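Below are the chains, spelled out letter by letter.
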Amino acid sequence: MEKTLNKTIRKEIYDGYTYIEGGVCAAKGFRANGLNCGLNANPDKNDLGLLVSDEICQTAAVYTQNKVKGAPILVTKQHLDKTGGQSFGVVMNSKNANTCNADGVLKAQMMCRIAAERLAKKEEEILVASTGVIGQILPIEPIESHMDELVAGLSYEGNLAAEWAIMTTDTVPKEVAVSFELNGVTCHLGGMAKGSGMIHPNMATTLNFVTTDAAIDHKLLQKALDEVIPVTYNCLSVDGDTSTNDMVVVMANAMAGNPEITKEDTNFAIIKQALYIVLSNLTKMLAKDGEGATKLIECHCMGAKDQEMAVIVAKSVICSPLFKCAMFGEDANWGRILCAIGYADADFDITKVNVDICSQNGILPVCRDGAGVAFSEEFAKEVLGADEITIEVTLAEGDAQARAWGCDLTYDYVKINGDYRT
């Protein structure tokens, strides 16, 4: 069964927000670069990147919930604790996760020190992120020998060079940016992400960097991130495996010139919505580029008692291996959907549940009040033939809703992961 996937997602339109180009360089004062330093044997593949702000940034972050945490996670947390949540930039690499190594923390610290020296900053003002194979010693020499070139090439248009530096099994770069207004001042918020496999809920999900030129108090920036993560990245699953190196870092340098956001007012709601727009789009990009994927799958759970219930049910559907296989085979096996709803850890009446399978090709009702309804298999094939499928679940328990995202499970997923290390 040979299938291809259009990796471009359909972005939702939001009043007051405009999609713009530039990714992490869309906000004022952010420069980036990426190059090949030799960690990756392919000289055409960037493996070392740098993202830097012209001004000190209020910085928020969230990290993987895996008990095994990569050394870059530990060092980044230490640095943000030491600076009180401030940073100037992030140095990043692919091919080697620098995880489960006896000298891992030392190497992560060295990466920050080397970058900081070239940038004339303090070591603790630089954060670090790594992705790739776990358990292999990270050679520091190629990183050190290429740092001068990396810094010299920093550019306000260098977003894609940095994005390519963190990609592993990703097949396309992932970046989104928006502009919006705070007190009449135009501000920008943009992000980039990597991730294709080892992606599962209840974590930060992959490596993700977000920048904004808006002025906002550090604690409020962290609060916004903490509130957006549960309904975006934590609602994403590709394969059920929670990575060891996942992090999301948000940097705000205040260079737009808006009055600083210091309370939870209308301006806080505006920037929080901008963060949601960027992170939700990146979440869908990650799902659509899942390893071996041919379809982006969304589950929209409505009519829940509260948002927590809606999230639990939506994630239960997205995480079902049998459901994911059915979507790959374009089989309207709705019983697998109801099965996944049924074992979700939430209290609701299954005899009131409705399920529709939707795509740009139409809406297919498959379940009403917990029981199947007749449908055309030909029309079902047409609906499932699209590369973006939405499962709409209605619980009839309340007014809350939530969405979760994933992809189908294909032959190619096994091929990619069967020899990932070798």
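Residues numbered from 1 in each chain as written. Predicted model: local features only at pLDDT ≥ 70, side-chain atom pairs only at ≥ 80, totals over all residues. Heavy atoms only, no water.

Caption draft 1: View of helix 2 (residues 104-119). Along its 16 residues, helix 2 runs 23 Å from first to last C-alpha, staying within 8% of the 22 Å computed at 1.5 Å per residue. Of all the residues in helix 2, the buried ones are G104, K107, A108, M111, C112, I114, A115, A116 and L119. Those residues of helix 2 that are buried lie in contact with strand 3 (48-63), helix 1 (71-83), strand 4 (86-93), strand 5 (126-130) and helix 3 (141-152). Count one or two residues on from helix 2 and you reach A120, which has phi positive near 60 degrees. (Helix = DSSP H or I, 4+ residues; strand = E, 2+ residues; numbered from the N terminus. Expected span 1.5 Å × (residues − 1). Buried < 20%, exposed > 50% of the residue type's maximum accessible area, 1.4 Å probe, protein only. Contact = heavy atoms within 4.5 Å.)

Caption draft 2: Local environment of the packing of helix 5 (residues 218-228) against helix 6 (residues 266-288). Relative orientation of the contacting elements helix 5 and helix 6 amounts to 45 degrees, with a least axis distance of 10 Å. On the basis of the axis angle, helix 5 is oblique to helix 6. For the crossing formed where helix 5 meets helix 6, the hand is right-handed. Seen from helix 5, the contacting residues are L220, K223, A224, L225, E227 and V228; seen from helix 6, they are F268, K272, L275, Y276 and L279. Tallied by class, the residues present in the contact of helix 5 with helix 6 amount to eight nonpolar, no polar and three charged. (Axes fitted to C-alpha atoms, helices over the stretch in contact; angles between N-to-C directions. Parallel < 35°, antiparallel > 145°, perpendicular 65-115°, else oblique. Left-handed = near helix turned anticlockwise from the far one by under 90°. Nonpolar A, V, L, I, M, F, W, Y, C, P; charged D, E, K, R; others polar.)

Caption draft 3: Examining the sheet that holds strand 15 (residues 388-394) more closely. The seven strands lie next to each other as 9-16-11-15-12-13-14, forming an open sheet whose pairing is mixed. The sheet is open, and its two borders are formed by strand 9 (236-237) and strand 14 (371-372), each paired with just one other strand. Note: strand 11 (residues 296-304) against strand 15, seven bridges, orientation parallel. Paired with E298 across the two strands is T390, which belongs to strand 15. Along the sheet face, helix 9 (residues 334-342) touches strand 12 (354-359), strand 13 (362-368), strand 14 and strand 15 and points at about 125 degrees away from the line of strand 12. (Pairing = 2+ DSSP bridges.)

Caption draft 4: Local environment of the side chain of S53. Examined against the element boundaries, S53 turns out to sit in strand 3. In this structure the side chain of S53 is engaged in a polar contact, spanning 2.6 Å, whose partner is the backbone oxygen of E55. Not counting chain neighbours up to four residues away, the residues in contact with S53 comprise G29, F30, F88 and N253. (Polar contact = N/O pair within 3.5 Å; in protein donor to acceptor, adjacent residues only side chain to side chain.)

Caption draft 5: Expanded view of the packing of aromatic side chains. Within this structure, the stated rule accounts for one aromatic pair. Both rings, one in Y17 and one in F180, keep their centres 6.0 Å apart while their planes meet at 40 degrees; by these two values the pair is tilted. Residue Y17 is located in the segment before strand 1 (18-20), and its partner F180 is located in strand 6 (residues 174-182); the two are separated by 163 residues in the primary sequence. Of the two residues examined, Y17 and F180, each falls in the buried class. The side chain of K11 reaches across the aromatic face of Y19, ending 5.6 Å from its centre. Across the ring face of F88, the terminal group of K121 is positioned such that the distance to the ring centre comes to 3.9 Å. (Phe/Tyr/Trp six-rings, centres within 6.5 Å; stacked < 30°, edge-to-face > 60°. Lys NZ or Arg CZ within 6 Å of the ring centre and 35° of its normal.)

Caption draft 6: Structural detail: the pattern of salt bridges. Evaluated as defined, the whole model comprises 15 salt bridges. Across the pair D387 and K288 runs a salt bridge, and its minimum N-O distance is 3.7 Å. One end of the pair, D387, is in the loop between helix 10 (377-384) and strand 15; the other, K288, is in helix 6, with 99 residues separating them in the sequence. For the pair formed by D387 and K288, the shared burial category is buried. One salt bridge in this structure joins E330 and K295, with 3.2 Å as the shortest N-O distance. (Salt bridge = Lys/Arg side-chain N within 4 Å of Asp/Glu carboxyl O.)

Caption draft 7: Representation of the state of the cysteines. Enumeration over the complete set of coordinates arrives at zero disulfides. Summary of cysteine pairing: C100 is not part of a disulfide, and the nearest cysteine sulfur, belonging to C112, is at 19 Å. Note on C100: relative accessible area 55%, which makes it exposed. Sulfur of C407: no disulfide; nearest cysteine sulfur belongs to C319 and is 11 Å away. Assessed through its relative accessible area of 1%, C407 is described here as buried. (Disulfide = S-S within 2.5 Å.)

Caption draft 8: Representation of the packing of helix 2 against helix 3 in the model. One way to put it is that helix 2 packs onto helix 3 with a least axis distance of 10 Å and a crossing angle of 35 degrees. Where helix 2 crosses over helix 3, the handedness of that crossing is right-handed. Here helix 2 contributes M111, I114, A115, R118 and L119 to the contact with helix 3, which in turn contributes I143, E144, M147, D148 and V151. A breakdown of the residues in the contact of helix 2 with helix 3 according to their chemical character gives seven nonpolar, no polar and three charged.

Caption draft 9: Quick peek at unusual backbone geometry. The phi angle at N183 is positive, at roughly 55 degrees, despite the residue not being glycine. By secondary structure assignment, the location of N183 is in the loop between strand 6 and strand 7 (185-194). Positioned with a positive phi, A254 is a non-glycine residue whose angle comes to about 65 degrees. Its place among the elements puts A254 in the loop between strand 10 (247-252) and helix 6.

Caption draft 10: Representation of the side chain of N101 within the structure. Tracing the backbone through its elements, the reader meets N101 in the loop between strand 4 and helix 2. By relative accessible area, which is 13% here, N101 ends up buried. A distance of 2.9 Å separates a polar atom in the side chain of N101 from the backbone oxygen of Q136.

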